[in-house]
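Now for the letters of each chain:
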Amino acid sequence: MKKKLFNQISVIGLGLIGSSFSLAIKKNKIANKVVGYSRSSSTRKAAKKLNLVDTVANSLVKSVKGSDLIIICTPLSTYPKIINEMTPHLEKNSIVTDVGSAKLTTINEVSGLFSKFIQFIPAHPIAGTEQSGPYAGFPELFIDRWCILTPLKNNKPSSVNKIKTLWKSLGSKVEIMSPERHDRVMAITSHLPHLIAYNIVSTAADLETVTKQEIIKYSASGFRDFTRIASSDPVMWRDIFLKNKDAVLEMIGRFSEDLSALQKAVRWEDSKTLHKIFSRTRKVREKIISAGQDTDAVDFGRSNTRKKISKIKNRKK
Ligand code: NAP
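Residues numbered from 1 in each chain as written. Predicted model: local features only at pLDDT ≥ 70, side-chain atom pairs only at ≥ 80, totals over all residues. Heavy atoms only, no water.

It is worth spelling out the sheet that holds strand β4 (residues 69-72) at this point. The strands making up a sheet associate through backbone hydrogen bonding, with each pair oriented either parallel or antiparallel. With parallel pairing, the six strands of this open sheet are ordered in space as β3-β2-β1-β4-β5-β6. Looking along the sheet, the strands with just one partner apiece sit at the ends: β3 (55-56) and β6 (119-121). The pairing of strand β2 (residues 31-37) with β3 spans two bridges and is parallel. The partner of Val35 across the bridge, within β3, is Thr55. Across the sheet, helix α1 (residues 16-27) touches β1 (6-12), β2 and β4, and the angle it forms with β1 is around 160 degrees. (Pairing = 2+ DSSP bridges. Helix = DSSP H or I, 4+ residues; strand = E, 2+ residues; numbered from the N terminus. Contact = heavy atoms within 4.5 Å. Axes fitted to C-alpha atoms, helices over the stretch in contact; angles between N-to-C directions.)

In C-alpha cells, the structure reads:
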C-alpha cells in the first residue's frame, strides 16, 4: 500500500476553509486519519453530521495529540491563544501550517511561540466564497486555485516540499513568496476590493434620498456584485485589515489618487481620459478570463458557479 503523505492531520477551525480542506483531504486520501476541532459545540456537532473529519475532538489538545500536521483555519486574531495552548502538546517534528489571509504581522506575532522541534510553514490558499461556517465547505474549493506559501528562514526544504505536495494533491497551483510580497499582492487584489465593497454598501445604506427598497429593487445594475463581497464574514475581515494595515493603507493611498483623477475627468467631461481608463480595465478582465480565473459567462459566470456549488451541497445532504 502506498505510504500516505501524512499519518494524522489535525484541522483547527471547521468553517468554510477548514471544512473544505478536511473534505478534500479525505477525498484525495492524503492522510490515514483526519481529526478536527472547532470552538463551538454547534460546529462540532455539524462536523459530525456532515462527516467532515474521521474524528471530531472536543478539545484543542486532544485534536493535536498524535498529529504530524496541524493546520490552523481560524480568524487571524485567534492564532496566539491557539498556538500557546497547543504548543506543549505537539508531537516532536510535527509541522504546523495555516491558511490565513495576511502574513507578515501574523508571522512576527507567532513564529517565536513554537519550540525548535516544530516547523511552522505559513500558507494561504487563494480560494473562498462569501459564505462561512461548516455547511459552506466543499472539497473542490481549492481546484485550479493558487496557494501561496511564505516559508520562514528556518524551515527545512523537505518540510516545505511536503506542504507544496499537500496543496498540489488538492488540485491547487503553488507559489512561494516572501510574506511582504504576499501582503502587498493581496492588499490590491483582495483586501482593497473588499474594503471598497464594504464602503459602497455602507454608503448606500446611509443614503437618505434613495430608499432601501429602491436600492434592493435596482441592485442588478452593479450594486448587487458589491453586496456579495460585502456579505463576507465580519470577524475574518476585521482581522485581515488589522493584520495587513500597512499594505492596505498604501493601496488606499494609490486608489484615492486614481479616484481623484477620475473625479476630475468626470467634472471636466474629459471623455478621452474616461474612455482610455475604461478600455484599459476591460483588458484586465480579458486577461483574468484567459488565465482561467473566471469565465466570460453572463453574470460573471456566477450562476454557473452557484449551480455547481448547490449540486455539490445537495449531494452531501
Ligand atoms: P469561517 O467560515 O468563519 O470559519 C472559521 C472557524 O474558526 C469557525 O468555524 C470557528 O468555529 C473557528 N474558530 C474561531 N475561533 C476559534 C478558536 N479559538 N478555536 C477553534 N476554532 C475557532 O472562516 P473561514 O472563511 O474558514 O476563514 C478561516 C481562515 O481562512 C481565516 O484566517 C481567513 O483569513 C482564511 N481564509 C479565508 C478565505 C475565505 O475566502 N473565506 C480564503 C482564504 C483564507 P466555531 O464555528 O466553532 O465558532
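To continue, consider the site of the ligand. If you check the shell around the ligand, you find 26 residues, and the closest are Arg39, Ser40, Thr43, Ser101 and Gly133. Side-chain polar atom of Arg39 to an oxygen atom of the ligand: 2.8 Å apart, as the coordinates give it. Notes on the ligand: free accessible area 890 Å², of which the protein chains cover 88%. Along the lines of polarity and charge, the residues of the shell around the ligand split into 11 nonpolar, 14 polar and one charged. (Near = heavy atom within 4 Å. Polar contact = N/O pair within 3.5 Å; in protein donor to acceptor, adjacent residues only side chain to side chain. Areas by Shrake-Rupley, 256 points an atom, 1.4 Å probe, with all protein chains shown as cover. Nonpolar A, V, L, I, M, F, W, Y, C, P; charged D, E, K, R; others polar.)

Looking at the assigned domains, one finds that the protein chain contains domain 1 (6-177) and domain 2 (181-304). Here the C-alpha centroids of domain 1 and domain 2 sit 30 Å apart. Counting residues at the interface gives 21 residues for domain 1, matched by 18 residues for domain 2. For the domain 1 and domain 2 pair, buried surface summed over both sides reaches about 1,500 Å², with 57% attributable to carbon and sulfur atoms. Of all residues in domain 1, Ser101, Glu130 and Met177 give up the largest surface area on contact with domain 2, accounting jointly for 33% of the area buried on that side. If you look at where domain 1 meets domain 2, you find two salt bridges. (Domains from an automatic or database assignment. Buried area = accessible area lost by both parts, 1.4 Å probe. Salt bridge = Lys/Arg side-chain N within 4 Å of Asp/Glu carboxyl O.)

Among the nonpolar cores identified, the biggest contains 38 residues, and Ile9, Phe21, Ile25, Phe142, Ile163, Leu166 and Trp167 are the most heavily contacted of them. Of all the elements in the fold, those that place two or more residues in this core are β1, α1, β2, β4, β8 (146-149) and α6 (157-169). Here this core takes six residues from α1, the largest share from any one element. In terms of nonpolar packing, the next biggest core, distinct from the first, is built from 28 residues, Ile12, Tyr37, Ala187 and Ala247 among them. (Core = buried A, V, L, I, M, F, W, Y, C linked by side-chain atoms within 4.5 Å. Buried < 20%, exposed > 50% of the residue type's maximum accessible area, 1.4 Å probe, protein only.)

Okay, the pairing of β4 next. Where burial is concerned, the two faces of β4 agree: the one with Leu69 and Ile71 and the one with Ile70 and Ile72 are both buried. Note: β1 against β4, four bridges, orientation parallel. Looking at the pairing, Ile12 lines up with Ile72 of β4. The pairing of β4 with strand β5 (residues 95-98) spans four bridges and is parallel. Residue Ile70 lies in a different strand from β5, and its bridge partner there is Val96. Once you follow β4 into helix α4 (residues 79-86) and on to β5, the crossover reads as right-handed. (Right-handed = clockwise from strand over helix to strand, strands pointing away.)

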